[in-house]
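Structure at a glance
Residue strings, one per chain:
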Amino acid sequence: MLEYLSIIFTAILANNIVFAQFLGICPFIGVSKNMESAFGMGMAVTFVMALATAVTWLLQHFVLLPFGLGYIQTIVFILVIAVLVQMLEIVMKKTSPALYSALGVFLPLITTNCAVLGVAIIVAQKDFGFIHSLVYAIATALGFALALAIFAGIRTQLELADVPRPMRGVPIALITAGILAMAFMGFSGI
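Now for a look at the structure at hand. Starting afresh in each chain, residues are numbered from 1 along the sequence in its written order. Totals for whole chains, interfaces and linings use all residues, but because this is a predicted model, local features are given only for residues with pLDDT of at least 70 and pairs of side-chain atoms are given and counted only at 80 or more. By convention in this description, side-chain values take in all heavy atoms of the structure and omit both hydrogens and water.

It is worth spelling out a nonpolar patch on the surface at this point. Like charges within 9 Å and nonpolar side chains (Val, Leu, Ile, Met, Phe, Trp, Tyr) within 5 Å are joined into patches, using only residues over 30% in relative accessible area that form no salt bridge. Using a 1.4 Å probe, the Shrake-Rupley method yields the accessible areas, and only the shown protein chains count as cover for residues. By definition here, a salt bridge exists when the distance from a side-chain nitrogen of Lys or Arg to a carboxyl oxygen of Asp or Glu is within 4 Å. On the surface, Met1, Leu2, Leu5 and Ile8 cluster together into a nonpolar patch covering about 460 Å² of accessible area. Starting at the N terminus, helices and strands are each numbered in turn, a helix being any DSSP run of H or I of at least four residues and a strand any DSSP run of E of at least two. With respect to the helices and strands, Leu2 occurs in helix H1 (residues 2-14). We classify Leu2 as exposed; its relative accessible area is 70%. Accessibility here uses a 1.4 Å probe with only protein chains present; expressed as a share of the type maximum, an area under 20% marks a residue as buried, one over 50% as exposed, and anything in between as partly exposed.

Now for the environment of Met182. As for its position among the elements, Met182 is in helix H9 (residues 170-185). Counting along the chain gives 162 residues from Met182 to Ala20, while the straight-line C-alpha distance between them is 9.0 Å.

A positive phi angle, close to 55°, is found at Phe22, a residue other than glycine. Relative accessible area serves as the criterion here: at 55%, Phe22 is assigned to the exposed category. Positive phi, close to 55°, is recorded for Asp127, a residue that is not glycine. Here Asp127 lies in the loop between helix H7 (114-126) and helix H8 (130-160). Taking relative accessible area as the criterion, Asp127 reaches 54% and is therefore assigned exposed.

Set out below in structure tokens:
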């Protein structure tokens with residue numbers, strides 16, 4: 001149990017996918033303009049990251065490694081993530097139109113989110129077991145969602161602040177993200 005808590009704490013705070021590993025920066029900057037978008041993207045990434053990690057782990061351990069195909073791991077993982085997102089989009093459109101309309105905008109963005117691919121590759125490199133992989137993927141996705149939520153809240157406040165004209169928009173957002181990354185580094189000593 002302590003091992004799982006360690007994985008969760010590390011993935012969410014100390015080794016946050018956005019602030020420590022610099023993965024998922026595009027959606028982090030692009031979708032964090034308001035809290036509603038950040039929450040939707042965070043939940044969609046959590047679901048897709050868990051599902052993609054489960055499928056890629058199974059492929060890694062039951063197809064790629066036994067047949068000596070580890071060298072095509074990245075290509076296979078990219079294809080799996082793209083197919084999963086497309087299948088998820090089709091299923092959601094048919095079975096739950098309300099959920100599809102809520103998350104539909106974010107699903108295509110997840111296909112190109114390098115954080116999802118990054119977690120699948122990290123899990124393969126660390127040679128986690130299946131349950132450890134799922135715990136790591138969900139915790140990492142929640143860390144991504146936390147980073148999005150914090151950043152969306154700060155960006156909302158920055159819209160009201162008197163920021164010098166040349167620093168408005170992306171420049172102040174990047175500076176703020178850097179300061180947040182330094183703040184999250186404080187958790188690495190725990």
